[in-house]
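# Fold and geometry: a report
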Amino acid sequence: MTYTGVRIGLLALTLLAGSAASPTASAAAHPGTAGAATVGAATAGAATVDSGTVEEQRLDRAAPQEILRRSGFDTVAPEFTRVLARSGSYARAEHVVVEQGARLWRRAVDRAQGRGPAGGDLSRDDDRPLYWARLAMTREIRRWTPGFGLTDAQRTRLVGALEQTSRGQRDFHYPRAKGVKRILVTGFDPFTLDRDVRISNPSGATALALDGTTIRTADGPARVETAVFPVRWQDFAEGTVERTLRRQLPRVDLFTTVSQGRVGRFDVERTNGAWRGGFPDNDNVSRTETVPVTDPGSQPQWTSTTLPYERIVAADTGRFPVYDHTSVTEIPAGGTDPVVRPDGPTPGSTARARGGGDYLSNEIAYRATLLRDRLGLHDSLPGGHVHTPVLEFGAGNTDPATGTVTDPEFVRNRLDIIAQVRSILTVAADAGAPGVGGTARTRD
């Protein structure tokens, strides 16, 4: 997501903002939208119109159809529809949805990692076929009229099961072998699609490229497992982050949430804030409020990274510079107006944005690190958020009205970002426990 302090009306369609940057986007930054109104209700089982959710309605545009066709993923929804139609009961339909969702995730991972047919001429590192194929499947579930009775609640559960399985959220497979570190990485869907429906998200592409892979560290191998999250406020309010990560965090040696941030740079975000700034999500829903969590009485305004940011920033990890990003926007204790603090929050302040913004990338970082702390892992588990550079199209291909869905520079930028995230993970895994130095925890 991108970084900016302008309000929505001036931002047009950028996601993720923070201090000062471009109106491009990722999955979590600070769009600066205090006072934004709610414009709808989005969730895996939200009320729909005949043509599907707002997100699903974009499917019929030319670019998504071309992306599906040029990756071979245009066959996913028709095949899913045929199999689902043979379900004679809700139990059978649920089995089909879980199986087909998991198959879509594995197919996307395999394609990204060079296994099996490419399915077309779209580069294998592309995250967009997974995104659009999933939406085509959820739309089919919403349209389906089975021969048996299907309640609205059951249909919602089917969509939810597809969301989880096709995002890798039920697909963590760490080895039991001693001496193998465990790393967890999350990414996001593309977003700001009404600005440019061609958009790819390098964090989602990174998740596909790294899932199930092994990183060689100074202390031995490290297994990476990944998942992808939606760019929808309501899913986060309903606990998708905590549901996915609660069982995993006590088992891993390192985690990082990842999203797209500012142009030309990586940021290791030092602090995360408990505030939703209201920028519209992928269903064009807006939320401006304190991040809703369980036990709000014990909810802190800020959480902090335990990633070894000093080592990450000092290392040569790739062609993009990497920064220790410390800026936040707060309302000081006793004050009423937001103030930018370059060096982090002051005691007793109220969060309005971390350096990486007040969008869903801030929120996933806040939720994941709050969960870490509530599980008693703050002092033993390195974890936090990394913002990647904005994934830019090549010169001459920046206008969505006339541009193509891909170009050589676009592919090169995405591959370089993926490779640099991998290098950052290697540095972090070598550093071990929170702070500079230490020994990582290895689980049996």
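As the structure is a computational prediction, the values presented were derived from the model and not from experiment.

### A closer look at the nonpolar core
With 42 residues, the main nonpolar core has Leu84, Val97, Trp132, Ile141 and Leu158 as its most contacted residues. Of all the secondary structure elements, the ones that give two or more residues to this core are α3 (62-71), α4 (76-85), α5 (90-112), α6 (128-143), α7 (152-165) and α8 (202-210). Broken down by element, this core gets its largest block of residues, nine residues, from α5. Ile141 has contacts with Phe80, Leu84, Val97, Arg155, Leu158, Val159 and Leu162, leaving out every residue within four places of it along the chain. Core analysis: the second largest hydrophobic core is formed by 25 residues, Ile183, Ala222, Val268 and Ala429 among them.

### Remarks on the pattern of salt bridges
Under the defined criterion, the tally for this structure stands at 34 salt bridges. For Glu56, the salt bridge is made with Arg142, and the minimal N-O distance between the two is 2.7 Å. Within this pair, whereas Glu56 is found in helix α2 (residues 54-57), its partner Arg142 is found in helix α6, the two being separated by 86 residues in sequence. With a shortest N-O distance of 2.9 Å, Glu242 and Arg367 are connected by a salt bridge. Highlighted residues: Glu242 in helix α10 (residues 240-245) and Arg367 in helix α12 (residues 360-374), separated in sequence by 125 residues. The pair Glu242 / Arg367 is uniform in exposure class, with both members buried. Salt bridges linked by common partners bring Glu55, Arg134, Glu163, Arg167, Asp189, Arg232 and Asp235 together as one network.

### So, the packing of aromatic side chains
Per the stated rule, a full pass over the model turns up nine aromatic pairs. Ring plane angle 85° and centroid distance 5.7 Å describe the contact between Phe279 and Tyr359, whose orientation is recorded as edge-to-face. Separated by 80 residues along the polypeptide, Phe279 in the loop between β7 (275-277) and β8 (288-290) and Tyr359 in the loop between β13 (350-354) and α12 bring together distant segments of the chain. The pair formed by Phe279 and Tyr359 is uniform in burial state, with each residue classed as buried. Through a chain of ring-to-ring contacts, the aromatic side chains of Phe191, Trp233, Phe279 and Tyr359 assemble into a single cluster.

### Brief notes about the packing of α6 against α7
With their axes 10 Å apart at the nearest point, α6 and α7 run at an angle of 165° to one another. As judged from the angle between their axes, α6 and α7 are roughly antiparallel. Considering only the axes of α6 and α7, their crossing is right-handed. Two secondary-structure elements touch here, α6 through Arg134, Met137, Thr138, Ile141, Arg142 and Arg143 and α7 through Arg155, Leu158, Val159, Leu162 and Glu163. Residue composition of the contact of α6 with α7, by class: five nonpolar, one polar and five charged.

### A closer look at the side chain of Asp235
For Asp235, the location among the structural elements is in helix α9 (residues 233-237). Among the polar contacts made by the side chain of Asp235, one reaches the side chain of Arg232 at a distance of 2.8 Å.

### So, the sheet that holds strand β3 (residues 220-229)
Strand order in the open sheet made by the seven strands is β2-β3-β1-β4-β14-β5-β10, with mixed pairing throughout. Strand pairing shows two members of the sheet lacking a second neighbour, β2 (214-217) and β10 (322-325), which therefore form its edges. Sheet twist, expressed as the mean angle between neighbouring strand axes with direction ignored, is 25°. Taken strand by strand, α8 contacts β1 (181-188), β3, β4 (254-260) and β14 (383-388), and its axis lies near 135° from that of β3.

### Focus on the side chain of Thr226
Structurally, Thr226 is set in strand β3. A residue is classified by how much of its surface remains accessible, and Thr226, at 0% relative accessible area, is buried. For Thr226, the side chain forms a polar contact with the main-chain oxygen of Ala207, separated by 2.8 Å. Residues in contact with Thr226, not counting those within four places in the same chain, are Trp105, Gly168, Phe172, Val185, Ala207, Leu210 and Asp211.

### Focus: the sheet that holds strand β11 (residues 328-331)
Where strands meet in a sheet, backbone hydrogen bonds hold them as pairs that are either parallel or antiparallel. As summarised here, the arrangement of the three strands in space is β12-β11-β13, forming an open sheet in which the pairing is antiparallel. A strand with exactly one partner marks an edge of an open sheet, and here the two such strands are β12 (339-341) and β13. The mean inter-strand angle of the sheet, taken between neighbouring strand axes irrespective of direction, is 35°. Sheet analysis places β11 next to β13, joined by four bridges and oriented antiparallel. Pairing of Glu330 across the sheet is with Ala351, part of β13.

What counts and how
Residues numbered from 1 in each chain as written. Predicted model: local features only at pLDDT ≥ 70, side-chain atom pairs only at ≥ 80, totals over all residues. Heavy atoms only, no water. Core = buried A, V, L, I, M, F, W, Y, C linked by side-chain atoms within 4.5 Å. Buried < 20%, exposed > 50% of the residue type's maximum accessible area, 1.4 Å probe, protein only. Helix = DSSP H or I, 4+ residues; strand = E, 2+ residues; numbered from the N terminus. Contact = heavy atoms within 4.5 Å. Salt bridge = Lys/Arg side-chain N within 4 Å of Asp/Glu carboxyl O. Phe/Tyr/Trp six-rings, centres within 6.5 Å; stacked < 30°, edge-to-face > 60°. Axes fitted to C-alpha atoms, helices over the stretch in contact; angles between N-to-C directions. Parallel < 35°, antiparallel > 145°, perpendicular 65-115°, else oblique. Left-handed = near helix turned anticlockwise from the far one by under 90°. Nonpolar A, V, L, I, M, F, W, Y, C, P; charged D, E, K, R; others polar. Polar contact = N/O pair within 3.5 Å; in protein donor to acceptor, adjacent residues only side chain to side chain. Pairing = 2+ DSSP bridges.

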